[in-house]
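These are the residues of each chain, in order.
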Amino acid sequence: MSETTMQSPVDVGPLSASDGSVTLADAYATTKVQVRAGADTDAAAALGVSYGSSTRSADGDLVCGTRPDEWTIYGDPGRSDAIAATVPTEGFVTVIDLTHGRAMLRISGSNATAALSKICNLDLSDELTPNGAVFSGSLGSVSCDWVRDDQGGETSFLVSCERSFGRFLFIAVADACTEFGLSVPHGWELHAH
């Protein structure tokens, strides 16, 4: 049997405003491992992060409390097996590699929150979504999982959705960023000119 090579639904970017106030990049290749485990399992204890928050593991992976008794671990590309191997599987535990089933983007910069607020109804203020916050909500009418994951002291969000919506979501977010100086390549506009 041959291996199927999965490709990102986004084949453009990263995109950035000339002043750097907002950048948008495809993060599809990010390893995405979902863990569902009972609260009394060794897996839950080892993951050690509560619902709605995130932390970095000793290996630098981003461990997110995605839902009650559910975690998502994000890591560098190609680390699915290594990440899965760190999760104790005794008891009621399921570990699934979601890498190629989920699209993901990263939006960063001083205008990232303002751009996202144009196409979602979430309060993305520092008070309600501080660095490390994990939550779910609609973005551009697409159901998404979010992580506030600031980079170099700059506001940054990782946003993932079902792979089939990946291209549309990227285009919708890029369109929301145009007001802040992001230039969108031909064919990636939300509205035809």
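Right, let's walk through the structure included here.

## Some details on the sheet that holds strand E2 (residues 23–26)
Move 1: Overall, antiparallel pairing links the six strands, which are arranged E1-E2-E8-E11-E10-E9 in an open sheet. Each edge of the open sheet carries a strand with a single partner, namely strand E1 (15–16) and strand E9 (134–139).
Move 2: Contacts from helix H4 (residues 166–177) reach E1, E2, strand E8 (102–108), E9, strand E10 (142–148) and strand E11 (156–162), with the element oriented near 15 degrees to E8.

## Overview of the sheet that holds strand E6 (residues 70–75)
Move 1: Overall, antiparallel pairing links the five strands, which are arranged E4-E5-E6-E3-E7 in an open sheet. One side of each edge strand has no neighbouring strand; the edge strands of this open sheet are strand E4 (54–56) and strand E7 (93–97). Pairs of neighbouring strands in the sheet enclose a mean axial angle of 20 degrees, with direction left out of account.

## Regarding unusual backbone geometry
Move 1: Despite not being glycine, Asp69 has its phi angle at roughly 60 degrees, a positive value.
Move 2: Secondary-structure assignment places Asp69 in the loop between strand E5 (62–67) and E6.
Move 3: Residue Asp69 is classed as partly exposed on the basis of its relative accessible area, which comes to 40%.
Move 4: Residues other than glycine seldom take positive phi values, yet Ser141 does so here, at roughly 70 degrees.
Move 5: Examined against the element boundaries, Ser141 turns out to sit in the loop between E9 and E10.
Move 6: The exposed category is assigned to Ser141, whose relative accessible area is 74%.

Here is what the cut-offs are and how they apply
Residues numbered from 1 in each chain as written. Predicted model: local features only at pLDDT ≥ 70, side-chain atom pairs only at ≥ 80, totals over all residues. Heavy atoms only, no water. Pairing = 2+ DSSP bridges. Helix = DSSP H or I, 4+ residues; strand = E, 2+ residues; numbered from the N terminus. Contact = heavy atoms within 4.5 Å. Axes fitted to C-alpha atoms, helices over the stretch in contact; angles between N-to-C directions. Buried < 20%, exposed > 50% of the residue type's maximum accessible area, 1.4 Å probe, protein only.

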